[in-house]
Amino acid sequence: MVESLIAHLRQVNARRQLAQQIGILEGIQAVQRWQCKRLLTTHAHMADQAEYHDAITFFVDELYGPKDFSQRDADLIRVIPKLAKALPNKAMVALDKALMLNALSFELDMAIAQQLNDEPLNRDSYAVAYRTVGRAEDRATQIAIVASLGEQLADVVKIPGIGLIIKLSRRPAKMAGLLALHDFLYRGFSAFKGLGDVSAFIEPVIAAESELNDALLDERVNLTTDNPLPDV
């Protein structure tokens, strides 16, 4: 498990460094910002519901968004062996899924940014770039990870005492220079703590994203006249 977590972190960090070296990091961040808006537009009916708002926001801001995760990732690399001993296995599995999703999403975002090649970003150019990049298997994997992560986080918040452990660890985390990592864990726990039936949240999200992905990749769908993306 520790090796898997570190591998995900090194993968995304290597991609980020490469993107910066070849001058497309800003393009990737623009893609990520646009996707965040698209996600919130697609799932606005759920984001507007109090019980789902925090979970939607966590996925968008912490796993898809253009935030600089370098400090959080550096924190993780430092303490992963200790985390593996301190946290329940379910929590480590959820963290592994989150980092796997982050790494795969960054790789796909990078491919779209390269395909756009400084072309103005809108629903039409994004749809064409998405289809041109393709990678249907990776897109299916991305969606499957989201579904699995939602279930994993729902299980983690049910672990007796896990909330108290995270709350009490804030001060030691701050003193150790691990506040970015603690904030990430705390936001994830808080987002799913009051979710209730995770299936009622995750299943509509997965269904909508799967339908959108299928339409974008289906050559029979005319992207000029039947672009499935919402206006953002």
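Throughout this description, residue numbers start from 1 for each chain and increase along the sequence as written. Reporting in this predicted model follows two pLDDT cut-offs: at least 70 for local features of residues, and 80 or more for side-chain atom pairs to be given and counted; totals over whole chains, interfaces and linings ignore these cut-offs and use all residues. To get the side-chain values, all heavy atoms of the structure are used, and hydrogens and water are removed first.

Asks: It is not clear to me how the side chain of Asn-227 should be interpreted in this structure. Could you clarify?
Replies: Runs of E in the DSSP output that reach at least two residues are strands. Runs of H or I that reach at least four are helices, and both are numbered from the N terminus. Structurally, the position occupied by Asn-227 is in the segment after helix H12 (198–217). A polar contact is formed between the side chain of Asn-227 and the backbone oxygen of Arg-123, at a distance of 3.0 Å. Any two residues whose heavy atoms approach within 4.5 Å are treated as being in contact. Other than its neighbours up to four places away in sequence, Asn-227 contacts Arg-123, Asp-124, Ala-127 and Asn-222. N or O atoms within 3.5 Å of each other form a polar contact, as long as, within protein, one can give a hydrogen and the other can take it, and as long as residues adjacent in sequence are counted only when both atoms are side-chain atoms.

Asks: Got a minute to help me understand the nonpolar core in this structure?
Replies: It is characteristic of soluble globular proteins that their nonpolar side chains tend to be buried jointly. Only buried residues count toward a nonpolar core. Its members are Ala, Val, Leu, Ile, Met, Phe, Trp, Tyr and Cys residues joined through side-chain atoms within 4.5 Å. Residue exposure (1.4 Å probe, protein chains only): buried if accessible area is under 20% of the type maximum, exposed if over 50%, otherwise partly exposed. Core analysis: the largest hydrophobic core is formed by 33 residues, its most contacted members being Phe-59, Leu-149, Phe-192, Leu-195 and Phe-201. At the level of elements, helix H2 (25–42), helix H3 (44–47), helix H4 (50–64), helix H6 (89–116), helix H8 (136–156), helix H11 (179–193) and H12 are the ones that each hand at least two residues to this core. Residues contacting Phe-59, with those up to four places away along its chain left out, are Tyr-64, Val-146, Leu-149, Gly-150, Phe-192, Phe-201 and Ile-202. Among the nonpolar cores identified, the runner-up in size contains 23 residues, and Phe-106, Tyr-126, Ala-129 and Leu-223 belong to it.

Asks: What is the right way to look at a negative patch on the surface in this model?
Replies: A grouping of Glu-151, Asp-155, Asp-197 and Glu-203 is seen on the molecular surface, where their side chains present a negatively charged patch. For Asp-155, the position within the fold is in helix H8. Of the residues examined, Asp-155 reaches a relative accessible area of 31% and is grouped as partly exposed. Patch definition: residues with relative accessible area over 30% and no salt bridge; like charges joined within 9 Å; nonpolar side chains (Val, Leu, Ile, Met, Phe, Trp, Tyr) joined within 5 Å. Surface exposure here means Shrake-Rupley accessible area, sampled with a 1.4 Å probe, where a residue is shielded only by the protein chains that are shown. Definition used for salt bridges: Asp or Glu carboxyl oxygen within 4 Å of a side-chain nitrogen of Lys or Arg. Under the counting rule used here, the positive set is Lys and Arg, the negative set is Asp and Glu, and His together with the chain ends is not counted. Charge positions come from single atoms, namely NZ of Lys, CZ of Arg, CG of Asp or CD of Glu.

Asks: Looking at this structure, how should I read unusual backbone geometry?
Replies: Comment: phi is negative for the bulk of residues other than glycine, and the bulk of peptide bonds are trans. Here the phi dihedral of Asp-118 falls at roughly 70 degrees; this positive angle occurs in a residue that is not glycine. Phi is positive for Arg-135, which is not a glycine, with a value near 60 degrees. With respect to the helices and strands, the residue Arg-135 is situated in the loop between helix H7 (123–133) and H8.

Asks: So what exactly am I meant to see when it comes to the pattern of salt bridges here?
Replies: Where charged atoms of side chains with opposite charge meet at close range, the side chains can pair. Counted by the stated rule, this structure contains 7 salt bridges. The partner of Arg-15 in a salt bridge is Glu-107, with the nearest N and O atoms 3.9 Å apart. A residue pair is termed long-range when its members are at least 10 positions apart, and Arg-15 in helix H1 (residues 2–21) and Glu-107 in helix H6 qualify at 92 residues. With a relative accessible area of 31%, Arg-15 lands in the partly exposed category.

Asks: Got a minute to help me understand the packing of H6 against H7 in this structure?
Replies: Axis separation between H6 and H7 bottoms out at 9 Å; the angle between their running directions is 115 degrees. Classified by the interaxial angle, the pair formed by H6 and H7 is roughly perpendicular. When the axes of H6 and H7 are compared, the crossing they make is right-handed. In contact with Ala-111, Ile-112, Gln-115 and Leu-116 of H6, H7 contributes Ser-125, Tyr-126, Ala-129, Tyr-130, Thr-132 and Val-133. Gly counts as polar in this scheme, as do all residues outside two lists: the nonpolar Ala, Val, Leu, Ile, Met, Phe, Trp, Tyr, Cys and Pro, and the charged Asp, Glu, Lys and Arg. Among the residues making up the contact of H6 with H7, the classes are represented as 7 nonpolar, 3 polar and no charged. Here an angle of 0 to 180 degrees is reported between the N-to-C directions of two axes, which are lines fitted to C-alpha atoms, with helices fitted over the stretch in contact. Throughout, the term roughly parallel applies to angles under 35 degrees, roughly antiparallel to angles over 145, roughly perpendicular to angles from 65 to 115, and oblique to all others. The crossing is said to be left-handed when, going from far helix to near helix, the turn is anticlockwise and less than a right angle, and right-handed when the turn is clockwise.

Asks: Explain the packing of aromatic side chains to me, please; I cannot follow it from the model alone.
Replies: The relative placement of two aromatic rings is captured by the distance of their centres and the angle of their planes. Any pair of Phe, Tyr and Trp rings, taking the six-membered ring for Trp, is counted once the centres come within 6.5 Å. Such a pair is stacked with planes under 30 degrees apart, edge-to-face with planes over 60 apart, and tilted for the rest. Counted according to the given criterion, the structure contains 3 aromatic pairs. Ring centres of Tyr-126 and Tyr-130 lie 5.9 Å apart, and the angle between their planes is 45 degrees; on these two criteria the pair is classed as tilted. With Tyr-126 and Tyr-130 both in helix H7, this residue pair falls 4 residues apart, about one helical turn. Across the pair, Tyr-130 and Tyr-126 agree in class, each one buried. Members of the aromatic cluster, connected to one another through ring pairs, are Trp-34, Tyr-126 and Tyr-130. Ring-over charges, as used throughout, are those where CZ of Arg or NZ of Lys falls within 6 Å of the ring centre and within 35 degrees of the ring normal. Above the plane of the ring of Phe-106 lies Arg-16, whose end atom (NZ or CZ) is 5.8 Å from the centre.

Asks: What should I look at first to understand the environment of Thr-57 in this one?
Replies: Take Thr-57: it is sitting in helix H4. The class for Thr-57 is partly exposed, based on a relative accessible area of 25%. Residues Thr-57 and Arg-187, 130 residues apart in the sequence, show an inter-C-alpha distance of 9.8 Å. Within the structure, Thr-57 has its side chain in polar contact with the backbone oxygen of His-53 (distance 2.8 Å).

Asks: I would appreciate a short explanation of H1 in the present structure.
Replies: Each α-helix turn comprises 3.6 residues. Residues three or four places apart therefore point the same way. For H1, spanning 20 residues, the distance from its first C-alpha to its last is 29 Å, which sits close to the expected 28 Å at 1.5 Å a residue. Listed in full, the buried residues belonging to H1 are Leu-5, Ile-6, His-8, Leu-9, Val-12, Asn-13, Arg-16 and Ala-19. When H1 is viewed along its axis, its buried side chains cluster within an angular range of 160 degrees and face the same direction. Facing away from the buried side of H1 by more than 90 degrees, the exposed set consists of Glu-3, Arg-10 and Gln-21. Each residue after the first adds 1.5 Å to the expected span of a helix. An arc is given here, and it is the one of the directions from the helix axis to the C-beta atoms.

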